[in-house]
Amino acid sequence: MIDSHSHLFAEEFKDDLEECIERCKENNVNKIILVGFSKETNREAQRLSKLYPIFYPTAGVHPCDANKDYLEQFAELKEFIKENKVYAIGECGLDYYWDTTFKEEQKKLFKLQCELAIENALPVIVHMRDATKDAYDILKEYSGKLKAVMHCYSGSSDMALEFLKLGYYISLGGPVTFKNAKEPKKVATIVPLDRLLIETDCPYLAPTPNRGKRNESSYVKLVCQEIASLRGLSFEEVERATEDNTIRLFKLDR
């Protein structure tokens, strides 16, 4: 299995990162996309990826960090990816849940990161919260030119189909295991198997039965199990398909 979205550089793992990596290996999680979203986390993703071959780093600017200096933030990111190997741009996107002060800056910064990804033949990891229409409108502009995954997708099943029509991937995490998560469960059954990714978004959104606790990359196995159950497929079928999809999207080595 591959955890397609992890933040194992987070403070929550400072005391037991190596144990977390061992648990991944014990649970057959052999690759982890280590997702940066700021100057500091982009650097940490790089640093840890040089120490542990299980990690594949990305770099981006999170929409919650967008501000009036978004052009400066973008310039720093652009310079960073010139100097460092990354497997994707992001996470980036739109988030209107926490604050809409810099809504326009968020949109401009998201577009710049999409264009940077196209220029460098990299996929984009899309964060979208309470911003479905604007995110869709922007991604529609780049359909056919951009490869992207809707990370920890929380939108409607109807909109999932629209993002799929644009050629993008859908990734599901812990919420698909939550008892009353009707829409994520529906999404899990309608996304074509060749367009589906699995993730943890750790340390956040731990799947059942660990909900409310710290999440970690080895728990991606629980996401895979739930999707297999919902679709009436074997665990191995979902494991193999999501691994193939992640390798294809991020151009990983086998």
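All of these numbers come straight from a predicted model, not from anything done at the bench. (Residues numbered from 1 in each chain as written. Predicted model: local features only at pLDDT ≥ 70, side-chain atom pairs only at ≥ 80, totals over all residues. Heavy atoms only, no water.)

**Considering the sheet that holds strand 6 (residues 148–150)**
So, step 1. Here 5 strands make up an open sheet; going across it, the order is 4-5-6-7-8 and the pairing parallel. Two strands in the sheet have a free side with no partner beyond their single neighbour: strand 4 (89–95) and strand 8 (196–198). Across the sheet, the mean angle from the axis of one strand to that of its neighbour is 30°, orientation sign disregarded.
So, step 2. Of the pairings in the sheet, the one linking strand 4 to strand 5 (residues 124–129) comprises 5 bridges and is parallel in character. Bridge assignment links Leu94 to a residue of strand 5, and that residue is Met128. (Pairing = 2+ DSSP bridges. Helix = DSSP H or I, 4+ residues; strand = E, 2+ residues; numbered from the N terminus. Axes fitted to C-alpha atoms, helices over the stretch in contact; angles between N-to-C directions.)

**Section: the pattern of salt bridges**
Any two side chains of opposite charge can pair, on the condition that their charged atoms come close.
So, step 1. On inspection of all chains with the given rule, the structure shows 16 salt bridges.
So, step 2. The shortest N-O distance in the salt bridge between Glu141 and Lys111 comes to 3.5 Å. Taken as a pair, Glu141 in helix 5 (residues 132–141) and Lys111 in helix 4 (residues 103–119) lie far apart in primary sequence, 30 residues in all.
So, step 3. Assessed through its relative accessible area of 30%, Lys111 is described here as partly exposed.
So, step 4. Each of Asp16, Arg23, Arg214 and Glu216 takes part in salt bridges that share partners, so that together they form one network. (Salt bridge = Lys/Arg side-chain N within 4 Å of Asp/Glu carboxyl O. Buried < 20%, exposed > 50% of the residue type's maximum accessible area, 1.4 Å probe, protein only.)

**Structural notes on the packing of helix 5 against helix 6 (residues 157–165)**
The description of two helices packed together rests on the angle between their axes and the distance between the axes.
So, step 1. Put simply, helix 5 and helix 6 touch, their axes get as near as 10 Å, and they point 10° apart. The angle between helix 5 and helix 6 falls in the class roughly parallel. The two elements helix 5 and helix 6 cross, and the hand of that crossing is left-handed. Of helix 6, the residues touching helix 5 (which contributes Thr132, Tyr136 and Leu139) are Met159, Glu162 and Phe163. (Parallel < 35°, antiparallel > 145°, perpendicular 65-115°, else oblique. Left-handed = near helix turned anticlockwise from the far one by under 90°. Contact = heavy atoms within 4.5 Å.)

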